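Residue strings, one per chain:
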Amino acid sequence: MAEDNNAFDLVVIGGGPGGYVAAIRAAQLGLKTACVERDKLGGVCLNWGCIPTKALLHNAKLYQELSHGKTWGFEVDGLRVDWPKVIQRSRKVADRLNKGVHGLFKKYGVTHIAGEGRIDRPGRVLVGDRALSCKHIIVATGARPRPLPGLAFDGERVMSSKEAMVVDPMPESVLVIGGGAIGSEFAYFFNAFGSKVTQVELLDRILPVEDREVSEALQRSFKRQGLEVLTGTVAADVEVTEGGVRARLKPASGDGEGEVREFSRVLVAIGVVGNTEGLGLEGVGVELDRGMIKVNEDLRTTCPGIYAIGDVAGPPWLAHKASAEGIHCVERIAGHAGKPVDKTNIPGCTYCEPQVASVGLTEELARERNIPLKIGKFPFSASGKALALEEKEGFVKVLFDERTGELVGCHIIGPGATELIAEAALARTLEATEAEILGTIHAHPTLAEALHEAVGQAFGEGVNF
Amino acid sequence: MPTVVEMPRLSDTMREGTLAEWKKQEGEKIEAGDELADIETDKATMAFESFDSGVVLKHLIGPGDTVPLGTPICILGKKDEDVSKLAAELAEKVKQAMAEGLGEEPAPEPPVAKKQADEGEAPETLAEGDDKAEIGTGLDNGLQRAGDEAEREHHDEAAHREAARHGRAPAPRDAEGLRVKASPLARRIAADRGVDLTTVEGTGPAGRIIKRDVESLEPTRRVAAAAGAAPAAGAAGRPDQEVRVTQMRKTIARRLVEAKNEAPHYYLQMVVDCEKLVALRTELNDSQDKLKISFNDLVMRACVVALQDHPWVNAGWQGKTIKQFGGVQLGFAVAIEDGLITPVVRDAERKGLLQMAVEVRDLAERARTGQLEEREYQGNSFCVSNLGMYGIERFTAIINPPAACILAVGALRQEPVVKDGALAVGQTMALSLSCDHRVVDGATGAAFMKDLKQILEKPLNLLL
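Residues numbered from 1 in each chain as written. Chains lettered and ligands numbered in written order. Predicted model: local features only at pLDDT ≥ 70, side-chain atom pairs only at ≥ 80, totals over all residues.

A.B. asks: Looking at this model, I keep getting lost on the overall build of chain B. Mind explaining?
C.D. replies: Scanning chain B from N- to C-terminus turns up eleven helices and 18 strands. Burial analysis of chain B (464 residues in total) assigns 33% to the buried set. Considering only contacts within chain B whose residues lie at least 6 apart along the sequence, 62% involve residues at least 24 apart. (Helix = DSSP H or I, 4+ residues; strand = E, 2+ residues; numbered from the N terminus. Buried ≥ 20, exposed ≤ 12 C-beta atoms within 10 Å, placed from the backbone. Contact = placed C-beta atoms within 7 Å.)

Encoded structure:
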């Protein structure tokens, strides 16, 4: 009897960093797996999010550095940006990784099915006119940028991150609505390439989920770089005009009418909406919670045999969280103990310059929980390596539970922050105390020494500050 | 005349005090009873009320300074009185006291004795004062040593904790010597809370013990784990209880550990034929109705008589000297609620059997009702402990400093004895003398016991 090529152990709907990782892990564990993707494998992350933006942001940084060539002893005359080439490079990086996922699917024997998947009933997924039978279904359809009410994305004047990534030409002025990671990255990006940027945030600081000191340091840095940052401000009455967009920027407190301003374009980065439509979820009794699929610790939905992972299963909306959930979910399906996702130990990164990264609790949250703290802070201005790189901005801040020496949180703003945070996350996972961190020799000269020094500061053993 | 204020004794166990805060500044007037300073003792920060009135002329120590009891801390006097010379002298003394801290030197004499000495009272009184002072000093020394040890222990513990903090808490091993997998944080929390990791089940990867496995442990679980065998608490059984250690228990514990550790004990045991003693007691109690004389009274009296000829037994170790007590300060152990205490019959050699018996009853009664004054239970030169009334045949006791010996008295029993080559029913009592070998050598103690036996067996000697 010929093998039924429509029968699987597992069908994953969605091929982003949650879905494709889950599919590969499932295949490794011996499950016959299909991954249904309506667009490109790798999802938003790889094609329209994390990766291409990082390519662009690196361009921005390089351009900034070249523009200040004199600092480095370079005379750079006639520096010119070949914009299409910049975009092209970023697309090339994305394409290459997309091909990489195809290669991985082949390598591990995951069946890639192009098209939109819809759950017909538990154990049955329809893709076009093809019906897949399976024991388990994972929904990994992700999320999409949330539009401002009454202001649809038009890909032209009203951009989401996706359109912003391929914008051409550079707009003269941009209104960035949102002070989160995406808003801050693009605000930095447009400013670095010469746009006049105004960033507005409803709350009293940008990156409001980060430690207050970090938010404040970033805001100061943005202002030095020439961005206009308006916190405690809402963009009201945003409308498309002939020449661009118009918005009334008014205080969030409601005091005053604010000011009507004109911009070439607006980038809306106010969060995401789960991609839950058209999946047949209602028909099988999969419940939602505030637009996201409700799941338990093992990523089970309210319908047996159906699981959800990643953005569509709720915050934090991060690729690495989606991957981790995908792996745990599949390991549980395969009967293993799995690696439950500890949401208190997911690092968060923002790739503007200076970079911001953190893991664990902020000082405010730790104090709210009455954790007695030992705090250490080390500025990059005292780091030899940072000085050599001409990156004196920022600091490493570590929070320890005074009673136990537990690393409660680590907050970094400055050079290499997004790389450095891995050490703190590992320390937290292994439950290292300050003794283990201080007892670990950090190579000199490196940026990583700053973390070591910050821990030393917390325990009165700092040497270089 | 300026008055020198010294570091006061604000608690029984206080050996030194730390000035927390001056309540009266230099130049301020003070009345007797006003708070002069806050002093941190070993127990708490206490207000020190001035005994004298006057003007505060000079503070000799500052906040945070720690000095032994009796060290001058302040000069009071009349307004504008010149005390610069005295102040300079005393400052030198204070400096020395602070530098020496609490060395092996006897602590300064208690203020009482000093005052008497200063005022030049009659020699007799002086001698008595001296005596008291020395008794006090002996105790101080003992307390001091205990304190030093406690301090050392404290240091050790602190060092250990420090090591646990900065060194990495070592990975524990189970009974088979296999490493118990536990995170550094879990190891530290376990160490802090006294959790035995070999009894904990880990829920981390591959059974690794992590924070959540130890932080949620119930205190009872920890105690049971620490005790090793944890008997399953049956529904009907009485649960384990942890009882707070009272101040008295602490003192008893400290002093006994100190005495047992410091004094090299040895024991001399002897059985006494009490036939005549029994007869004497009957006769005594038949012939008078003032007080019923007990065997214990007779034994105590016998000790007093015997001690007259054995000054080396009526003595105590003082570090640099051995003190032979002039009189017999006869201590006796009294069981009281939650502890025991040893009241002292003063100068027992001057008291007859009846007078001593009356005093013993009074002291014992007041001991039981907690009405003894400190001086009534301190400074014994010899001690008697009797458990005969509980039917204990024989036992050994722990020496009660400053005395060098304690006599443990067993029950009076009917026993077969050999009398004139034939078996007979005898009345016997076992005695056991615990001796501090630093003071009393074997032969010295044995000679005392021989005499004691003779007195008890031929009790007319009690009259001597």
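A.B. asks: I'm lost on the overall build of chain A in this one. Help?
C.D. replies: What chain A contains, in helices and strands, is 14 helices and 24 strands. Considering chain A as a whole, with its 465 residues, one finds that 48% of them fall into the buried category. Sequence separation of at least 24 residues holds for 64% of the intrachain contacts in chain A that already meet a minimum separation of 6.

A.B. asks: Quick question: what am I supposed to make of the packing of helix α3 (residues 50–67) of chain A against helix α7 (residues 181–192) of chain A here?
C.D. replies: Each packed pair of helices is defined by two parameters, the angle between the axes and the distance between the axes. Residue and element names in this part refer to chain A. Between α3 and α7, the least distance of the axes is 9 Å, while the angle of their chain directions is 40°. One finds that α3 runs oblique with respect to α7. The interaxial crossing formed by α3 with α7 has left-handed handedness. Residue-level inspection shows Thr 53, Leu 56, Leu 57, Ala 60, Tyr 63 and Gln 64 of α3 in contact with α7, the latter providing Glu 185, Tyr 188, Phe 189 and Ala 192. Tallied by class, the residues present in the contact of α3 with α7 amount to seven nonpolar, two polar and one charged. (Axes fitted to C-alpha atoms, helices over the stretch in contact; angles between N-to-C directions. Parallel < 35°, antiparallel > 145°, perpendicular 65-115°, else oblique. Left-handed = near helix turned anticlockwise from the far one by under 90°. Nonpolar A, V, L, I, M, F, W, Y, C, P; charged D, E, K, R; others polar.)

A.B. asks: Is there a simple way to think about the sheet that holds strand β5 (residues 45–49) of chain B in this case?
C.D. replies: The strands making up a sheet are joined through hydrogen bonds of the backbone, oriented either antiparallel or parallel. Residues and elements named next belong to chain B. One open sheet holds the four strands; their spatial order is β5-β4-β2-β7, and the pairing between them is antiparallel. The open sheet terminates on both sides in strands that have one partner only, identified here as β5 and β7 (66–68). Across the sheet, the mean angle from the axis of one strand to that of its neighbour is 40°, orientation sign disregarded. Direction of pairing for strand β2 (residues 16–22) relative to β7: antiparallel, over a ladder of three bridges. The residue of β7 that forms the bridge with Glu 16 is Pro 68. (Pairing = 2+ DSSP bridges.)

A.B. asks: What is the right way to read the environment of Glu 365 of chain B from this model?
C.D. replies: Residues and elements named next belong to chain B. If you trace the backbone, Glu 365 turns up in helix α10 (residues 353–368). Given 13 C-beta atoms within 10 Å, Glu 365 falls into the partly exposed group. Put simply, Glu 365 and Val 334 are 31 residues apart on the chain and 9.2 Å apart in space, counted from C-alpha to C-alpha.

A.B. asks: In this structure, what is going on with the environment of Thr 18 of chain B? I would like to understand it.
C.D. replies: All names here are of chain B. Structurally, Thr 18 can be placed in strand β2. The spatial distance from the C-alpha of Thr 18 to the C-alpha of Glu 40 is 5.0 Å, given a sequence separation of 22 residues. Excluding residues that lie within four positions of it along the chain, Thr 18 makes contacts with Ile 39, Glu 40, Gly 64, Asp 65 and Thr 66.

A.B. asks: Before we go on, may I ask you to explain the packing of helix α9 (residues 295–308) of chain B against α10 of chain B in this structure?
C.D. replies: All names here are of chain B. With their axes 10 Å apart at the nearest point, α9 and α10 run at an angle of 120° to one another. It follows from the interaxial angle that α9 and α10 lie oblique. In the packing of α9 onto α10, the handedness of the crossing is right-handed. Residues Asp 297, Met 300 and Arg 301 of α9 lie in contact with α10, whose contacting residues are Leu 353, Met 356, Ala 357 and Val 360. Residue classes in the contact of α9 with α10 are distributed as five nonpolar, no polar and two charged.

A.B. asks: What is the right way to look at the interface of chain B and chain A in this model?
C.D. replies: Accessible area lost upon the coming together of the parts is a frequently used measure of interface size. Between chain B and chain A, the contact holds twelve residues from the first and ten residues from the second. For the side of chain B that touches chain A, the secondary-structure elements that each account for two or more residues are α3 (123–166) and α4 (184–193) of chain B. The dominant element in the side of chain B that touches chain A, judged by the number of residues it contributes, is α4 of chain B, at five residues. Its residues placed into classes, the side of chain B that touches chain A shows five nonpolar, three polar and four charged.

A.B. asks: Honestly, the sheet that holds strand β14 (residues 259–263) of chain A in this entry has me stumped. Any pointers?
C.D. replies: Residues and elements named next belong to chain A. The three strands lie next to each other as β12-β13-β14, forming an open sheet whose pairing is antiparallel. Because the sheet does not close on itself, it has two edges, and the strands there are β12 (233–240) and β14. Going from strand to strand, the sheet's axes swing by 25° on average, the running direction of each strand aside. Where β12 meets strand β13 (residues 245–251), six bridges bridge the pair, whose relative direction is antiparallel. Looking at β13, one finds that Thr 233 is bridged to Pro 251.

A.B. asks: Whenever I open this one, unusual backbone geometry confuses me. Can you help?
C.D. replies: Negative phi values dominate among residues other than glycine, just as trans dominates among peptide bonds. Cis geometry is found at the peptide bond from Asp 168 of chain A to Pro 169 of chain A, where omega equals 0°. Of note, Pro 169 of chain A is situated in the loop between α6 (161–164) and β9 (173–177). The step from His 444 of chain A to Pro 445 of chain A runs through a cis peptide bond, and the omega angle for that step is -5°. Tracing the backbone shows Pro 445 of chain A in the loop between α13 (434–438) and α14 (449–458). Positive phi outside glycine occurs at Ala 206 of chain B, with the angle close to 55°.

A.B. asks: Explain the environment of Arg 25 of chain A to me, please; I cannot follow it from the model alone.
C.D. replies: All names here are of chain A. Structurally, the position occupied by Arg 25 is in helix α1 (residues 19–28). Separated by 83 residues in the primary sequence, Arg 25 and Tyr 108 place their C-alpha atoms 8.7 Å from one another. Among residues more than four places away in sequence, those in contact with Arg 25 are Gly 326, Ile 327 and Val 330.

A.B. asks: How do you make sense of helix α5 (residues 83–108) of chain A when you look at a structure like this?
C.D. replies: Three or four residues apart is the spacing at which side chains of an α-helix point the same way, because the helix has 3.6 residues per turn. All names here are of chain A. Under the 1.5 Å per step criterion, the end-to-end length of α5 is 38 Å for 26 residues, consistent within 8% with the ideal 38 Å. Buried residues of α5: Ser 90, Ala 94, Val 101 and Phe 105, and no others. Contact partners of the buried residues in α5: α1, β2 (33–37), α2 (43–48), α3 and β3 (111–114). (Expected span 1.5 Å × (residues − 1).)

A.B. asks: Mind showing me how you'd approach the nonpolar core here?
C.D. replies: Side chains of a nonpolar character, in soluble globular proteins, are inclined to be buried together. The biggest cluster of nonpolar side chains holds 136 residues, and the ones touching the most others in it are Val 11, Ala 22, Ile 138, Val 139 and Val 266 of chain A. Once residues lying within four places of it in the same chain are set aside, the contact partners of Ile 138 of chain A are Leu 10, Val 12, Ile 13, Gly 19, Ala 22, Tyr 307, Ile 309 and Cys 329 of chain A. (Core = buried A, V, L, I, M, F, W, Y, C linked by C-beta atoms within 7 Å.)

A.B. asks: Teacher, can you tell me more about the pairing of strand β11 (residues 228–231) of chain A here?
C.D. replies: Here is the key point about a regular strand: its side chains alternate between the two faces of the sheet. Residues and elements named next belong to chain A. Examined bridge by bridge, strand β10 (residues 196–201) and β11 share four bridges and lie parallel to one another. Bridge pairing in β11 places Thr 198 opposite Glu 228. In this region the chain leaves β10, passes through helix α8 (residues 212–225) and returns to the parallel neighbour β11; the handedness of that crossover is right-handed. (Right-handed = clockwise from strand over helix to strand, strands pointing away.)

A.B. asks: Looking at this structure, how should I read the confidence of the model for chain B?
C.D. replies: Fine structural detail should not be taken from predicted coordinates in areas where pLDDT scores are low. All names here are of chain B. Taken residue by residue, chain B gives an average pLDDT of 79. The fraction at 70 or more is 78%. When the elements of chain B are averaged for pLDDT, helix α2 (residues 111–119) gives the smallest value, 41, and strand β12 (residues 330–332) the largest, 96. Of the regions scoring below 50 in pLDDT, residues 219–235 engages in 13 contacts with residues more than four places distant in sequence or in other chains. (pLDDT = per-residue confidence, 0-100.)

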